[in-house]
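# Coordinate inspection notes
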Amino acid sequence: MVVQDSVDTGDARVGVRLEPFLHQVGGHLSVMKFDEHTVCKPLVSREQRFYESLPLAMKQFTPQYKGTITVHLWKDSMGQLSLVTSPLKERQEPFKISTESTAVAIWQTLQQTPSGSGDTHLLDHQQHAQLAHSLKESPAKALLRSKLNLNAQVSSLVEDANGNQVERKSFNPWGLNCHQAHLTRLCSEYPENKRHRFLLLENVVSQYTHPCILDLKMGTRQHGDDASEDKKARHMRKCAQSTSAPLGVRICGMQVYQTDKKHFLCKDKYYGRKLSVEGFKQALYQFLHDGTRLRRELLEPILHQLRALLSVIRSQSSYRFYSSSLLITYDGQELLERTPGSLHPQEASQMAPGSYPGDLTKVGVRMIDFAHTTYKGSWNEHITYDGPDPGYIFGLENLIGILQNIQEGE
């Protein structure tokens, strides 16, 4: 989206307005959509250094790092807040809202919706009517369900060429929640013309029609070496009271496309913290269930990538991936027909990671969030470790074991 930026006196410049990334399922930093294949997030120096010195063996298991951009807070004539990048092209064009963007339409409406005590927005009937009316005035003509609840199924509707309402991709409200919190903080702590740096990263679900995403917090320890005693104690309690302690992994968020209802089932980090070991196993099963059947054909390619990642982690001495997450992704849009001569899923281990002939089944396994990652040679580190990360390895081994049991029908 193009905007005209005139923050500096006498300097009319053109930038790009960032959109909330509607498939963010976890984390607390706002992830924004830069373009179809790129997302961006607030820059943390330690994370930037990690990406810039990434071991070659790990590159296939992390999003592609695309550099950094400068972002600032921008308010339009209606008082609506946005994040806008630094000028990219010297095109003197007036600012126009892209009415084709469901993300922008949703976000602008939610900005006008009063929020409660930190809870996710709940739209009452009057607000829902206003929302439907405002969005009908744009070509997108998007409608939302009346409630946006992190543990509910959320979807949107659009009108086709004949004026009939048809279901569109649903979205996970967690990202919008993070985005609102981020904008609120920027408004209260920084002046409007303050510049902020963001990391540019690959959108790892851009190739999916209905991205199914599982965000797993890995390891038995979540606090970084620089954590205060209070923060250290809080993170240790979270680990002890969740599956992080017994399994080395816990759920931080997920969305699963339900083919029978045509929308996503969404779960958040608070759901994940409350799960028992047995509940965690059931949640993994649910992540692979489309509402009508278990997607068994996904298990072998996921396991293949997890075993490959385990081998890579075991070979990385001194690395500690404290508070990092692991994303497991696949497309909820199932392709029912296979190409002639395609292999049985059990033969997937002979293929390239995450692929079948004709790319009929795509899965992804990616490490993300490295703000607290430490390793020998990283800048200004006072503590260094020997050998691979035992907590991360413990979590991966348990995750692989649980998925193997699901595969075997146990």
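Before reading on, note that the structure itself is shown above.
Anyway, here's the lowdown on the structure attached to this text. All of these numbers come straight from a predicted model, not from anything done at the bench.

### Quick notes on the packing of aromatic side chains
For any pair of aromatic rings, the description consists of the separation of the ring centres together with the inter-plane angle of the planes. For the structure shown, the criterion picks out 14 aromatic pairs. For the ring pair Tyr-319 and Phe-321, a centre distance of 5.6 Å and an interplane angle of 15 degrees mean the geometry is stacked. Accessibility assignment for this pair places Tyr-319 and Phe-321 in one class, buried. Taken together, Phe-50, Tyr-51, Tyr-65, Tyr-319, Phe-321, Phe-370, Tyr-375 and Tyr-392 form an aromatic cluster joined through their ring pairs. Lying across the ring of Tyr-322, Arg-221 places its NZ or CZ 3.9 Å from the centre. A cation over an aromatic ring shows up here: Lys-267 above the ring of Tyr-271, its NZ or CZ 4.9 Å from the ring centre.

### Digging into the pairing of strand β15 (residues 263–267)
By the criterion of burial, β15 is predominantly enclosed, with 5 of the 5 residues buried. As consecutive antiparallel partners, strand β14 (residues 249–258) and β15 are separated by 4 residues, and within that stretch Lys-262 has a phi angle of approximately 60 degrees, a positive value.

### Here we look at the pattern of salt bridges
A side chain of one charge can pair with a side chain of the opposite charge if their charged atoms are brought near each other. For the structure shown, the criterion picks out 13 salt bridges. Notably, a salt bridge pairs Arg-234 with Asp-230, separated by 3.3 Å at the nearest N-O pair. Within this pair, Arg-234 and its partner Asp-230 are both found in helix α5 (residues 229–240), separated by 4 residues, close to a single helical turn. For Arg-234, a relative accessible area of 34% gives the class partly exposed. Among the ionic contacts, a cluster of salt bridges with common partners joins Lys-41, Glu-47 and Asp-369.

### What to know about unusual backbone geometry
Despite not being glycine, Ser-318 shows a phi value in the positive range, around 80 degrees. Structurally, Ser-318 can be placed in the loop between α9 (299–314) and β16 (320–321). Under the relative-accessibility criterion, Ser-318 is labelled buried at 5%. Notably, Ser-323 is not glycine yet its phi reads approximately 70 degrees, a positive angle. Mapped onto the elements, Ser-323 comes out in the loop between β16 and β17 (325–331).

How each quantity is defined
Residues numbered from 1 in each chain as written. Predicted model: local features only at pLDDT ≥ 70, side-chain atom pairs only at ≥ 80, totals over all residues. Heavy atoms only, no water. Phe/Tyr/Trp six-rings, centres within 6.5 Å; stacked < 30°, edge-to-face > 60°. Buried < 20%, exposed > 50% of the residue type's maximum accessible area, 1.4 Å probe, protein only. Lys NZ or Arg CZ within 6 Å of the ring centre and 35° of its normal. Helix = DSSP H or I, 4+ residues; strand = E, 2+ residues; numbered from the N terminus. Pairing = 2+ DSSP bridges. Salt bridge = Lys/Arg side-chain N within 4 Å of Asp/Glu carboxyl O.

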